[in-house]
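Chain by chain, the residues run as shown.
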Amino acid sequence: MSHKRIPKRKAAAAVGAVVALGAAAILLPSANASQDGASDGAAAAPRTLKAGDASDLATRLSGMLGDAYAGAWYDGEDKRLVVNVVRGEDGMALKARSAGAEVREVDNSMAELEAGAGTLTSEATIPGTSWAVDPRTNKILVTADSTVTGAKWDQLESTVESLGPGMATLEKSAGTFRTFASGGDAIFAGGARCSLGFNVTAGDGSPAFLTAGHCAAAGDQWSDQQGGEPIATVDQALFPGAGDFALLTYDDPATEAPSEVNVGGQTVPIVQAAEATVGQQVFRMGSTTGLADGQVLGLNATVNYPEGTVTGLIQTDVCAEPGDSGGSLFTQDGLAIGLTSGGSGDCTVGGETFFQPVTTALEAVGATLGDGGAGAGDGAAGAEDQAGAGDQAGAEDQAGAEDQAGAEDQAGGQDVGAGQDGAGAQDGTGTDPGRHSGQDSGQDSGLTRTH
């Protein structure tokens, strides 16, 4: 496959020491340090785990417990993995405890919950709805946005009721589900603005990056400045369907593509990709709204956007706004978790935001990220190496309203694939985002190569 080579891309972000992220929380890798030195005699007690290790343990227990496994979630306060085991499976519960997890007996099996999600897919695929299994409640969390009214609401409500008592909860969102179009660094094509998610290495060894698949609808060639020369070309993209991701290769094979996230003049090294865990604290970087944090609420979420249904997403309570699509979702210890897809609400009132899992995208496009294997603890700086609290960038040290593009300075526009207007923010260079295309990708038949 040949790619057009145009001017070399400047470095994605300034190289600098890792410092705390000045958002609602401070990033301190040592805060989640695992305590694996516990004696063997304490094997029955829940282990203290960092989020990445909890995700690995949940994956192992899923295979070990078989039909008795009913999901897991991470208790960030106690640093423990909580595993749901179907009631009456005492032997499997003992195995989970011996492995270091906290066990909770529940009524709904994972097979029953997945069957319920299948019923929703066949009976209630309505634009403006979403659903995901919530292991903390052992139910399916069903959400409807403000457009789901009248007969559509009745259809959704009756479908949820048909699943039986104790199987699902139905919530109403005040916003509207739509795709969001920025992340770490802003990127532009055809009047649209998205964001670079994570730099990766393509299967042929060339430098590349991941972003949201719906962004590819705006054009094949992307620039790091509005109206600037292209620096990358879409290689593969998927949206809607079984994901929302795209791989873009840098046009200059000598491009410097560091594995890091730019959080506003400072960088966080990205060690590797990892699976999300419900309850895990995560951070999102967007060129519209900057840095935001929150928790993972659900996995394998189905979202019915106006452009089509997307499956396999991560549901969170992290805020996002138009202009944030494709941006980085990551952890404090340098794990790449997701790419911003879409959701509802904004960073004033909150809302739901959905993310494409990075691991799934990497596997689909044949790319690698970070060192490809080192644990997060090997790549993350310890607390003693980070700047002290006095030196850390607090919210007051980050770009405030006077430094960022306020609503009065933003250009009104639409996200790629979005069905409504949203104010797009300016990037650090002061360029306006312009108007987004508002078209869908037409790639609902699976992963496609555009070149």
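Residues numbered from 1 in each chain as written. Predicted model: local features only at pLDDT ≥ 70, side-chain atom pairs only at ≥ 80, totals over all residues. Heavy atoms only, no water.

### Structural notes on the overall build of the chain
And then number 1: In terms of helices and strands, the chain carries six helices and 26 strands.
And then number 2: Counting all 451 residues of the chain, 55% fall into the buried class. (Helix = DSSP H or I, 4+ residues; strand = E, 2+ residues; numbered from the N terminus. Buried < 20%, exposed > 50% of the residue type's maximum accessible area, 1.4 Å probe, protein only.)

### A short note on the pairing of strand β8 (residues 186–189)
And then number 1: Covered by surrounding structure in β8 are A186 and F188 together with I187 and A189, the residues of both alternating faces.
And then number 2: Sheet topology note: the β8/strand β9 (residues 192–195) ladder contains four bridges and is antiparallel. Bridge assignment links A189 to a residue of β9, and that residue is A192.
And then number 3: Linking β8 to β9, which pair antiparallel, is a turn of two residues; within it G190 sits at a positive phi near 55°. (Pairing = 2+ DSSP bridges.)

### So, the side chain of D324
And then number 1: By the element assignment, D324 lies in the loop between β20 (308–316) and β21 (328–330).
And then number 2: Classification of D324 by relative accessible area gives buried; the value is 0%.
And then number 3: Side-chain polar atoms of D324 contact the side chain of T289, separated by 2.8 Å. (Polar contact = N/O pair within 3.5 Å; in protein donor to acceptor, adjacent residues only side chain to side chain.)

### Some details on the side chain of Q356
And then number 1: Note that Q356 resides in strand β23 (residues 353–357).
And then number 2: A polar contact of 2.8 Å, which involves the side chain of Q356, links it to the backbone nitrogen of D244.
And then number 3: Each residue touching Q356, except ones within four places of it in the same chain, is listed here: G243, D244, F245, L313, I337, G338, L339, S341 and A361. (Contact = heavy atoms within 4.5 Å.)

### Re the sheet that holds strand β3 (residues 102–106)
And then number 1: The sheet built from three strands is open, its strands ordered β1-β2-β3 with mixed pairing. In this open sheet, the two strands that pair with only one neighbour each are β1 (69–75) and β3. The mean angle between the axes of side-by-side strands here comes to 25°, regardless of whether they run parallel or antiparallel.
And then number 2: Both β1 and strand β2 (residues 80–86) contribute to a ladder of five bridges, which runs antiparallel. For W73, the partnering residue across the bridge sits in β2 and is V82. (Axes fitted to C-alpha atoms, helices over the stretch in contact; angles between N-to-C directions.)

### So, the state of the cysteines
And then number 1: Considering all chains together, one arrives at two disulfides under this definition.
And then number 2: Put simply, C194 and C215 are joined by a disulfide, and their sulfur atoms are 2.0 Å apart. Given an S-S torsion of about -100°, the disulfide between C194 and C215 has left-handed geometry. Of this pair, C194 sits in strand β9 while C215 sits in the loop between β11 (207–211) and β12 (221–222), and the two are 21 residues apart along the sequence. Summarising the burial analysis for this pair, C194 and C215 share the class buried.
And then number 3: A sulfur-sulfur separation of 2.0 Å characterises the disulfide bridge that pairs C319 with C347. (Disulfide = S-S within 2.5 Å.)

### Quick word on the environment of L335
And then number 1: Mapped onto the elements, L335 comes out in strand β22 (residues 335–343).
And then number 2: Judged by relative accessible area, which is 3%, L335 ranks as buried.
And then number 3: Expressed as a C-alpha distance, the spacing of L335 and V268, which sit 67 residues apart in the sequence, is 9.9 Å.

### As for the confidence of the model for the chain
And then number 1: The pLDDT averaged across the chain works out to 77; a share of 71% of its residues lies at or above 70.
And then number 2: Confidence drops under pLDDT 50 across residues 1–43; counting only partners more than four residues distant or on other chains, this segment forms 109 contacts.
And then number 3: Below a pLDDT of 50 lies the segment residues 373–451, which in the model reaches 180 contacts outside its immediate sequence neighbourhood of four places, other chains included. (pLDDT = per-residue confidence, 0-100.)

### As for the packing of aromatic side chains
For any pair of aromatic rings, the description consists of the separation of the ring centres together with the inter-plane angle of the planes.
And then number 1: Tallying each qualifying case throughout the model produces four aromatic pairs.
And then number 2: Pairing F177 with F354 gives two aromatic rings, centres 5.6 Å apart and planes at 90°, and the pair type is edge-to-face.
And then number 3: Since its relative accessible area comes to 0%, F354 is described here as buried.
And then number 4: Ring geometry for F209 versus Y250: centroids 5.4 Å apart, planes at 55°, classification tilted. Taken together, the residues F209 in strand β11 and Y250 in strand β14 (residues 245–250) connect sequence positions 41 residues apart. There is no split in this pair, since F209 and Y250 are both buried. (Phe/Tyr/Trp six-rings, centres within 6.5 Å; stacked < 30°, edge-to-face > 60°.)

### Observations regarding the packing of helix α3 (residues 110–123) against helix α4 (residues 150–162)
And then number 1: Their axes nearest at 10 Å, the elements α3 and α4 cross at an angle of 155°. Between α3 and α4, the interaxial angle falls into the category roughly antiparallel. Judged by the twist between their axes, the crossing of α3 over α4 is right-handed. Here T119, L120 and E123 of α3 come into contact with α4, specifically with Q155, L156, T159 and V160.
And then number 2: Looking at the contact of α3 with α4 residue by residue, the classes come out as three nonpolar, three polar and one charged. (Parallel < 35°, antiparallel > 145°, perpendicular 65-115°, else oblique. Left-handed = near helix turned anticlockwise from the far one by under 90°. Nonpolar A, V, L, I, M, F, W, Y, C, P; charged D, E, K, R; others polar.)

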